Amino acid sequence: MKKDIKRIQEKLGVSADGIIGKQTLEALNRALGISSVPHWPTQSEVRSGKSIFGAPGRETELTPVLPPYPLLYEGKPVRALRVHRLIAPHVLAALREVLAHYGQAELHRLGLDRYSGSYNYRSTSGGKVLSMHAWGIALDFAAEQNSYSVRAPRASLSHPDCTAWWQIWEAHGATSLGRERDYDWMHLQFADLD
């Protein structure tokens with residue numbers, strides 16, 4: 001299977017790593033003339049309150065996502081993740097793909113089963129604007145090893161064995177602040193950076 005994916009990637013002219021990530025999906029979509037990788041509004045559009053996500057803090061727009069593998073929040077099992085209803089199918093699909101790719105034991109070893117939160121009506125760490133968490137369109141994982149100021153290679157989610165993790169999320173339109181800006185490696189969001 002992985003060899004077949006690599007052959008397809010070579011024909012599409014993308015990195016032949018055998019993992020179907022955002023680049024591969026975009027190249028495949030271009031070749032087929034379709035668009036399936038979601039494109040989300042920018043952070044500025046979200047903060048304007050005029051994006052598809054509406055106003056912040058609208059808990060009626062949140063829906064539970066039951067994780068397909070055990071997640072822990074501060075050492076306690078997580079029953080559901082509360083996220084905006086528009087990203088819920090993407091969150092569930094990404095978590096299922098992550099489980100299929102890594103398996104539960106590897107997820108635990110890498111700390112990818114350490115959930116650190118999603119919806120939270122609050123400002124960013126700098127405190128000047130609302131966080132994407134205020135709309136329920138951001139999730140954090142493994143916060144202890146990937147705090148806001150920890151950069152690669154010290155951030156555990158920056159290690160090569162987490163590349164597939166990020167590629168899977170990116171295939172669903174999520175953005176990693178760590179991969180884009182090398183800070184806040186715990187954070188992924190369903191809004192493009194400005």
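Sequence order as written defines the numbering, with residues in each chain counted from 1. Two thresholds apply to this predicted model, a pLDDT of at least 70 for residue-level local features and 80 or more for giving and counting side-chain atom pairs, whereas whole-chain, interface and lining totals are computed over all residues. The side-chain numbers reported here are obtained from all heavy atoms of the structure, hydrogens and water having been left aside.

(A) Just the overall build of the protein, in detail. Each helix is a run of DSSP H or I of at least 4 residues and each strand a run of E of at least 2, with the numbering of both proceeding from the N terminus. Looking only at helices and strands, the protein has 7 helices and 8 strands in total. C-alpha extents for the protein along the principal axes are approximately 45 × 40 × 30 Å. Looking at the 194 residues of the protein, the share that counts as buried comes to 45%. Put simply, of all contacts in the protein between residues at least 6 apart along the chain, 56% involve residues at least 24 apart. For the area figures, the Shrake-Rupley method with a 1.4 Å probe applies, and any residue is considered shielded solely by the protein chains shown. Looking at the protein as shown, the accessible area adds up to about 10100 Å², and 52% of this sits on carbon and sulfur atoms. Charge convention: Lys and Arg are scored as positive, Asp and Glu as negative, and His as well as the terminal groups of each chain are ignored. Just so you know, the charge point we use is NZ for Lys, CZ for Arg, CG for Asp and CD for Glu. Mean positive and mean negative side-chain charge positions of the protein (23 and 20 charges, respectively) differ by 1 Å. Note on classification: 1.4 Å probe, protein chains only; a residue is buried when its accessible area is under 20% of the maximum for its type, exposed when over 50%, partly exposed between these limits. Here, residues are in contact when the closest pair of their heavy atoms is within 4.5 Å.

(B) Quick peek at the side chain of Gln9. Tracing the sequence through the fold places Gln9 in helix 1 (residues 2–12). Distance and chemistry together define a polar contact, namely a pair of N or O atoms within 3.5 Å, with one atom able to donate a hydrogen and the other to accept it when in protein, and with adjacent residues in sequence counting only for side-chain atoms on both sides. Engagement of the side chain of Gln9 in a polar contact is seen with the backbone nitrogen of Asp17, the distance being 3.0 Å. With sequence-adjacent residues up to four places away left out, Gln9 is seen in contact with Val14, Ser15, Ala16, Asp17, Gly18, Ile19, Ile20 and Thr24.

(C) Inspection of the side chain of Ser176 at higher detail. On the secondary structure map, Ser176 appears in strand 7 (residues 175–176). Within the structure, the side chain of Ser176 is placed 3.2 Å from the backbone nitrogen of Gly178, a separation counted as a polar contact. In this structure the side chain of Ser176 is engaged in a polar contact, spanning 2.9 Å, whose partner is the backbone nitrogen of Arg179. Not counting chain neighbours up to four residues away, the residues in contact with Ser176 comprise Trp166 and His187.

(D) Structural view of the nonpolar core. Val91, Trp165, Trp169 and Phe190 are the most contacted members of the largest nonpolar core, which totals 43 residues. Contributions of two or more residues to this core are made by strand 4 (81–84), helix 4 (88–102), helix 5 (104–110), strand 6 (138–141) and helix 6 (163–171). Sequence-distant contacts of Trp165, defined by excluding residues within four places in its chain, comprise Tyr69, Val98, Tyr102, Leu112, Phe141 and Leu188. The nonpolar core is taken to be a set of buried Ala, Val, Leu, Ile, Met, Phe, Trp, Tyr and Cys residues, with the residues joined through side-chain atoms within 4.5 Å.

(E) Quick look at the layout of surface pockets. For the largest pocket, the calculated volume is near 340 Å³. A 1.4 Å probe that fits into a set of points on a 1 Å grid over the protein atoms alone but cannot get out defines a cavity; an open set with protein on both sides within 12 Å along at least five of seven lines defines a pocket, and lining residues are those with an atom within 4 Å of a point. Lining the largest pocket are 21 residues; nearest its centre among them are Thr124, Ser125, Tyr148, Leu177 and Asp184. Broken down by secondary-structure element, the contributors of at least two residues to the lining of the largest pocket are helix 3 (43–48), helix 7 (177–181) and strand 8 (187–189). Within the lining of the largest pocket, the residues separate by chemical class into 7 nonpolar, 8 polar and 6 charged. Grid points are joined across faces, edges and corners, and a volume is the space filled by probe spheres set on the points. By volume, the second largest pocket amounts to about 220 Å³. Lining of the second largest pocket is provided by 13 residues; of these, Glu74, Arg114, Tyr115, Ser116 and Glu144 occupy positions nearest its centre. Each residue is assigned to one of three groups, with Ala, Val, Leu, Ile, Met, Phe, Trp, Tyr, Cys and Pro labelled nonpolar, Asp, Glu, Lys and Arg labelled charged, and all others, Gly among them, labelled polar.

(F) Representation of the packing of helix 4 against helix 6 within the structure. The geometry of helix 4 relative to helix 6 is characterised by a closest axis approach of 9 Å and an angle of 150 degrees between their N-to-C directions. With respect to each other, helix 4 and helix 6 are oriented roughly antiparallel. Read as a crossing pair, helix 4 and helix 6 show a hand that is right-handed. Residue-level contacts link Val91, Ala94, Leu95, Glu97, Val98, His101 and Tyr102 of helix 4 to Thr163, Ala164, Trp165, Ile168 and Trp169 of helix 6. Among the residues forming the contact of helix 4 with helix 6, the class breakdown is 9 nonpolar, 2 polar and 1 charged. Only C-alpha atoms enter the line fits that serve as axes; for helices the fit covers just the stretch in contact. Angles between N-to-C directions range over 0 to 180 degrees. Orientation categories follow fixed angle ranges, with anything under 35 degrees roughly parallel, anything over 145 roughly antiparallel, 65 to 115 roughly perpendicular, and all other angles oblique. The handedness criterion is simple: a crossing whose near helix is rotated anticlockwise from the far helix by less than a right angle is left-handed, and one whose near helix is rotated clockwise is right-handed.

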